[in-house]
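Below are the chains, spelled out letter by letter.
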Amino acid sequence: MSAETILKISDLDISFRTNAGVVHAIRGVDMDLQKGETVAVVGESGSGKSVTMKAVMGLLDSNAVVNSGEILYRRPGDEDAQMIDLLKIGKKQLRQDINGQHIAMVFQDPMTSLDPTMPIGRQIMEGILLHKNVSQSEARRRALELLELVGINDAEKRFKNYPHQLSGGMRQRVVIAIALSADPDILICDEPTTALDVTIQAKILELIKSIQEKMKLSVIYITHDLGVVAKVADYVNVMYAGRIVEVGNVNEIFYEPCHPYTWGLLSAMPDINTDDDRLYSIPGSPPNLLHEPVGDAFADRNPFAMAIDKKAAPPMFKISETHFAATWLLHPDAPKVELPEELRHRIERARKEAEQYL
Amino acid sequence: MVKYVFKRVGMAALTLLIIVFLLFWLVRVMPGNPFPSERMSDVQIAAKRAELGLDDPILVQFRNYVAKLLKGDFGNGTSLYYGVPIKTVLRTAVSNSFRIGGFAILLGTAVGLLLGITAALNRGRFLDGFCTVFSIIGVCVPSYVFLIFLQYTFSFKIPFFPYFFDADRFAFSSVMPALSLSLFTMSTIARFTRNEMVEVFDSDYVRLAEAKGMYGGKLVRAHVLRNALIPIVTVLAPLVVDLLTGALVVEKIYGINGIGKLMVDAITGEGIDYNYVLALGILYSTLYIAVMLLVDLLYGVLDPRIRVAAKEED
Amino acid sequence: MAELIPQTVPPVPSDAYVPVAGDFAFLDRADILTDTNYASLSYWKGVFIHFFKNRRAVIGLVIIAVIVLLAVFGPMMNSYGYRDIVQFRNESNRRVVAKALEPRVPWLHELVTGEPYDDSFADRTFLFGTDDLGRDLWTRTWHGTRVSLLVAFVTIFIDVIIGMSYGLISGYFGGLTDIVMQRFVEIANSVPRLVIVSVLAIFMPKGMGLVIVALLLTEWIGMSKIARAEMLKIKEQEYVLASRTLGAGSGHIIFREILPNTIGPIITQMMFSIPTAIFTEAFLSFVGVGIVLPQCSIGTLIEEGFNNITILPYQILPPILVLALLMLGFNFIGDGLREALAPKLEDM
C-alpha cells in the first residue's frame, strides 16, 4: 500500500479570546493522516485535541483565532490534485465541499447531538440530499440502508422515531449514520464512546472499525482513554498543553514510551494485575494556557524534570522512523532515565499477553 | 392524543369551576351591603335579598348562578350602570379590550420575533446590543408609562392622535394604547427568542448539522428556528397576564371602555359592585386558564417529546 | 494493521535552544509526588467571585445600593418634609408658596445664564422641583421610594417564609401530602392577581395593607416551587440519606441539610420577586387601591405626575426613573446571581 497523505496539519497555532485574556490553546501542532489509517489523539481534557479537530471541521467557536498553520486536505485517489488548505477556503465553501462529503465527525454526547424536534430518518436524509444529487425517495432508501449498516434492525420503524425515543447507544449509531451519509473519506470521532455505558462502548468501537474497513475510511479518534487507543489505533499522537509531545505507532507508544507524560498516562490506566497499593495519577493539573508556559509545559508535573525544562521547550527527538517525542530526556547529554519500575512490569505483562494472542 | 387533550381540558374546567365557586362564595359571604348606592331601609333590603335569592343556602345559590352563567347571563349590576344587564356592558367592553389587546399581542409578537432573530443572527454586533437595550427598557418600564409619554408627546405637544379614546375612530385611536401595551410583549419575546436561538446555535445538534455540511439560512430554518421557537409558547401565559394588568391602567388613562376600566370602576367606583367583581373575576380567570390550557396543548403539538408521549398515553 | 507510514516531523528550527552545562541536572521533585491540587475555592467564595466579575451584576448592585441609600437618607438631605408645603414669609411679610417650581439649583443657574433667579426662592435648591401644591419633589420621591421598597421587602420576606415552608413540607413529606398541596398550588396559581386584588378590595380598606396582602397571596407560589424542587433533588442525595441513617430527625434534615442548599435559588427568586412587588404596588397605587394619602409611594407619585403632566411635565420623571432603575438593578442582580450559582463552563 502506498503512502497517500490525505490530511496534513502543520504548525497549527490557535488561541481564544476570553474575558480573562487570550488562551493559547494550540501551540504548533503537526499531524498526518494517511488513507485507510487510524490515528488516535490522546490527552487530558484541555490538551487541545478537540480544538485541533474542530479546526479541521471549521467548527471553532467565534472567539478562536488561527494564528498560523495549515490544514491541507487531498481527495483520495487524486494524487496530482492540489492540496486544499481548509483554513483558507472560507466557511461556506468548507460546508459545501468538504464537511459531510469528505470529512465527517461523530460527537461525544449522543444525548445532545441529535436535533430533538426532527425524526432521525429525516436527519440522515438531510446529509444525503445536501451533497448527493438524488431524489427524496432515493435519499430515503439510502438512509434506511445506513441505519441498517450501523446496526439498527427495524430501520423502517425507527426511521420516524425522534431522538428521545432511542437509547444512548442507538443514538450514537444514528450519529454515525449521519456522519456516513455522504460517503466521507475521513471520519473524526470525538470521544465517541465516553458518554456511553461500558457494555455499549465496545460495540460502537467494533461498529466504527467494521465500517472503516467496508468504506475504506481514514479515522481520527480523539480520546483520553488509552484502552480505546489500544483497540483501534495504528498511530498515536499524545497531546499535552496544546502540543504533540509524543507520536508513534501503537506498539511504540504502548511498549516503548519515551515521554514522561506518556508514562504517566500509561501508569494511570487501571489494570487488573496491578499490585500497586494505590491508583497512580499524574500529579498536578494541566497548565492554564492563559499564561504562556516557559520551557516544557509538563515540567511542573514531571518527576524527571531537569533544569533545562524550565528554560526551553524541547524539540521533537527522533527515536525511530515513526517514533518521536518532545522531551529533553532524549537529548544525548541527558542522564539516562529508566522507565518507572511498575510501568516496566506492566508493559512486560502486556507484551506477553499480546504474544499469546498472536 | 385525544385522551391527552381531554385530560387537560377536564383539569382546566375543574380548576375553573373551583375558582368560580370560591369567588362566588367570597362575594356572597361578604359582610356589608350589596346595594351600596341605594338608600333603602332594612325592610327593603330584606325584601330585595329575598327577591334575589340571597338567603338561600350557598350551594343552591351557586347552582342557580352557574345555570344562568351557562346561558351567558351574569345578572345585573348592583350599582354600576344600574339596571343594565352585566352581559350587555361586558360585551362592548370585551370587544374593545380584545381588539386592542389582540392588536398589541400580534404587533408585539411579530416585532419581538423579528428583533430577537435578527439579534441572534448578528450576535455580538450592533443590532444585538440594540435588542438587549430595547428589551431591558421594555421590561423595566410599565406599559402605562409608555402610554403617558405617547399621550403627552403625540396628543398634547403634537396633537396628532386623539387625547382620549374615541370609539368612532377605533383603529386610529387604538394605535397608542396598543403600541404601549405591545412593548412588554415585544421586549420579552425579543429577549427570549434571542437567548433561545443563541443557545440552540451553541448546541451539539447544530454542530452536527454543520459537520454534515449545512450552513446559513438552510441551517437556521431546518434546525435553529423550530428548536428556539417552541419554548416561546411558554412565555405566552405570563405575557397575557401582563397584558391584562397593563390594560387596566392603559384603559383607565386613555378612557377606553374595556374590561380593565370596568374592573377599576368596579373596585374603586362609588362603592364596590359585587356582581361586577364576580363577573369580571370569572371572565379574567377563564381567560387566564384558557391561555394556560392553550399553551399546554400547543406545546404538546409542537414538541415531539410531549406529542409522542401523549400518543402513547392513548 | 495497515502498513505504517513515517510521520513527518518538522525540522528543528535554527534558533533552537542550545543546552549549556548544568541543564541536565534533575530538579528536586519531592514536592509533586503529593497531590496538592484540591478544589481551590469554597462554593460560596466561587459564587462571590463569579458574581463580582459580572459587569451587569455589579452595575445592578450599585444602582440598588444608591437608590436604597437615597431612600434612607434622601428625605433628610433638605429641611422639607414629604407632606410639607414649602412656604415662608418674604421681605414684605407676604406668604409665598413654592408652587410648581421647575427643578432648580441656584448656583448652576447663575453659572449657565449669568444671572441669579429673581423670584422669592432665589437662594433655594429644589433638585426635582416642587409639585402643584408646593411640596418638594426630591423629598417626596425618596420618601415614596422608601415606602415602595419597604412594602416590597416586607412582603417578599414573608413570602419567602411562607413559600419555603410550604414547598419544603410538600417536597419533604411527598406522597398524598404532596399531591394535595400541589393541587392547591395549581388552583391558587390559576387565579389572576387582579382577581385576587378585586376580591380583596371588597374585604379590606384601600391602602398599604391591601397591597401587602395581595402580594402575599400571589408571590409565595414561585418560592414554594423552587423550595419543593430543590427539596426533591436534595432529598435523595447521599449526604441526606447519611444523616438520616445517623438518626437525624426531619427538622434537623430540613434546617441543617436542606436550607443551606436552597438559599441560593431562593435569593435569586427574591431578586425577581422584589421588582414584581414594586411594579404591582405602583400599579395598584396608580389605579387608586394602593397606598392612600397622606402617604406616598412610587405609584402615587407617578399618578400625581400623570395628573399634572400638562402643566408640570417634569414632575413624573423622577418616580418613573426610580421605578425603571429599580427594575433594572434587581433584574441585573438576579441574572448575575443565577449565573454565579450555576456557572456554565464557558463563563468560567
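Residues numbered from 1 in each chain as written. Chains lettered and ligands numbered in written order. Predicted model: local features only at pLDDT ≥ 70, side-chain atom pairs only at ≥ 80, totals over all residues.

Asker: Just checking my understanding: could you explain the overall build of chain B for this structure?
Answerer: Scanning chain B from N- to C-terminus turns up 14 helices and zero strands. In sequence order, chain B lays out its α and β elements as α-α-α-α-α-α-α-α-α-α-α-α-α-α. Each of the 314 residues in chain B was classed as buried or not, and the buried ones make up 41%. For chain B, the share of sequence-separated contacts (at least 6 apart) that also reach a separation of at least 24 residues comes to 74%. (Helix = DSSP H or I, 4+ residues; strand = E, 2+ residues; numbered from the N terminus. Buried ≥ 20, exposed ≤ 12 C-beta atoms within 10 Å, placed from the backbone. Contact = placed C-beta atoms within 7 Å.)

Asker: Got a minute to help me understand the sheet that holds strand 12 (residues 324-325) of chain A in this structure?
Answerer: Within a sheet, each strand pairs with its neighbour through backbone hydrogen bonds, oriented either parallel or antiparallel. Residue and element names in this part refer to chain A. In space, the eight strands of this open sheet follow the order 6-7-8-3-9-10-12-11, with mixed pairing throughout. What marks the edges here is a single partner per strand, and that holds for strand 6 (103-106) and strand 11 (317-318). Pairing between strand 7 (residues 186-190) and strand 8 (residues 218-223): five bridges, direction parallel. Bridging from a neighbouring strand, L187 pairs with V219 of strand 8. (Pairing = 2+ DSSP bridges.)

Asker: What am I meant to see in the interface of chain C and chain B here?
Answerer: In this assembly, 28 residues from chain C lie in contact with 37 residues from chain B. Mapped by element, the contributors of at least two residues to the side of chain C that touches chain B are helix 5 (175-189), helix 6 (193-203), helix 9 (250-287) and helix 11 (317-341) of chain C.

Asker: Sorry if this is basic, but what is going on with helix 6 (residues 168-180) of chain A here?
Answerer: Note on helix geometry: an α-helix contains 3.6 residues per turn, so any two residues three or four positions apart are oriented the same way. With 13 residues, helix 6 of chain A should reach 18 Å at 1.5 Å per residue; the first-to-last C-alpha distance of 18 Å fits that figure. Of all 13 residues in helix 6 of chain A, eleven are buried, a share of seventy percent or more. Within helix 6 of chain A, the full set of buried residues consists of M170, R171, Q172, R173, V174, V175, I176, A177, I178, A179 and L180 of chain A. On the buried face of helix 6 of chain A, the contacting elements are strand 6, helix 3 (120-131), helix 4 (136-149), strand 7 and helix 7 (198-215) of chain A together with helix 9 (204-212) of chain B. (Expected span 1.5 Å × (residues − 1).)

Asker: Where do I start with the interface of chain B and chain A in this structure?
Answerer: Interfaces are often sized by the amount of accessible area the parts lose when they come together. In this complex, chain B contributes 20 residues to the contact, which on the side of chain A involves 28 residues. Contributing elements (two or more residues each) for the side of chain B that touches chain A: helix 9, helix 10 (216-229) and helix 14 (304-313) of chain B. In terms of residue count, the dominant contributor to the side of chain B that touches chain A is helix 9 of chain B (seven residues). By residue class, the composition of the side of chain B that touches chain A is nine nonpolar, four polar and seven charged. (Nonpolar A, V, L, I, M, F, W, Y, C, P; charged D, E, K, R; others polar.)

Asker: Mind showing me how you'd approach the confidence of the model for chain C here?
Answerer: All names here are of chain C. A residue-level look at chain C finds 84% of positions with pLDDT of 70 or above and a mean pLDDT of 78. Model confidence for chain C, summarised as mean pLDDT per element, is weakest for helix 8 (residues 238-245) at 70 and strongest for helix 2 (residues 55-73) at 89. Ignoring residues within four places in sequence, the model shows residues 1-6, a span with pLDDT below 50, making 13 contacts including any to other chains. Across the assembled chains, the prediction reports ipTM 0.83 with pTM 0.81. (pLDDT = per-residue confidence, 0-100.)

Asker: I keep staring at the pairing of strand 3 (residues 38-42) of chain A and nothing clicks. Help me out?
Answerer: On any regular strand, side chains alternate: one points to one face of the sheet, the next to the other face. All names here are of chain A. Judged by how many residues are buried, strand 3 sits mostly within the fold: five of five residues are covered. Alternating positions in strand 3 separate into two faces, T38, A40 and V42 on one and V39 and V41 on the other, with burial throughout. Bridge count between strand 3 and strand 8: five bridges; the pairing is parallel. By the bridge assignment, A40 is partnered in strand 8 with Y221. Examined bridge by bridge, strand 3 and strand 9 (residues 235-240) share four bridges and lie parallel to one another. Along strand 9, the bridge assignment pairs A40 with V236.

Asker: Before we go on, may I ask you to explain the nonpolar core in this structure?
Answerer: Nonpolar side chains in soluble globular proteins tend to be buried together. Counting residues in hydrophobic clusters, the biggest one holds 242 residues, and the most contacted among them are I188, I220 and Y221 of chain A together with L280 of chain B. With sequence-adjacent residues up to four places away left out, I220 of chain A is seen in contact with L33, V39, V41, M53, I186, I188 and C189 of chain A. (Core = buried A, V, L, I, M, F, W, Y, C linked by C-beta atoms within 7 Å.)

Asker: Sorry if this is basic, but what is going on with the domain arrangement of chain C here?
Answerer: All names here are of chain C. Annotation of chain C at the domain level lists domain 1 (45-86 + 133-341) and domain 2 (92-125). A separation of 40 Å is found between the C-alpha centroids of domain 1 and domain 2. Between domain 1 and domain 2, the contact holds seven residues from the first and six residues from the second. In terms of residue class, the side of domain 1 that touches domain 2 is built from six nonpolar, one polar and no charged. (Domains from an automatic or database assignment.)

Asker: Can you help me understand unusual backbone geometry in this one?
Answerer: One can expect most non-glycine residues to show negative phi and most peptide bonds to be in trans. Residues and elements named next belong to chain A. You will see that D11, though not glycine, has its phi angle at about 50°, which is positive. Inspection of the secondary structure puts D11 in strand 1 (residues 5-18). Positive phi outside glycine occurs at A241, with the angle close to 50°.

Asker: Can you walk me through helix 4 of chain A in this structure?
Answerer: Helix length check: helix 4 of chain A (14 residues) gives 20 Å between terminal C-alpha atoms against 20 Å at 1.5 Å per residue, within 8%. Where helix 4 of chain A is buried, its residues touch helix 3, helix 5 (155-158) and helix 6 of chain A.

Asker: Is there a simple way to explain the environment of V134 of chain A in this structure?
Answerer: All names here are of chain A. Among the secondary structure elements, V134 is positioned in the loop between helix 3 and helix 4. Looking at V134, the number of C-beta atoms within 10 Å reads 14, which means it is partly exposed. What V134 contacts, discounting residues up to four positions off in sequence, is I128 and A139.

Asker: Looking at this model, I keep getting lost on the pairing of strand 10 (residues 243-249) of chain A. Mind explaining?
Answerer: All names here are of chain A. Counted residue by residue, strand 10 has seven buried out of seven residues, so it is predominantly covered. The sheet contact formed by strand 9 and strand 10 spans six bridges and is antiparallel. Its bridge partner being in strand 10, M239 is matched across the sheet by I244. Connecting the antiparallel pair strand 9 and strand 10 is a turn made up of two residues, with A241 showing a positive phi of about 50°. Pairing of strand 10 with strand 12, which is carried by two bridges, proceeds in the antiparallel orientation. Paired with E246 across the two strands is A325, which belongs to strand 12.

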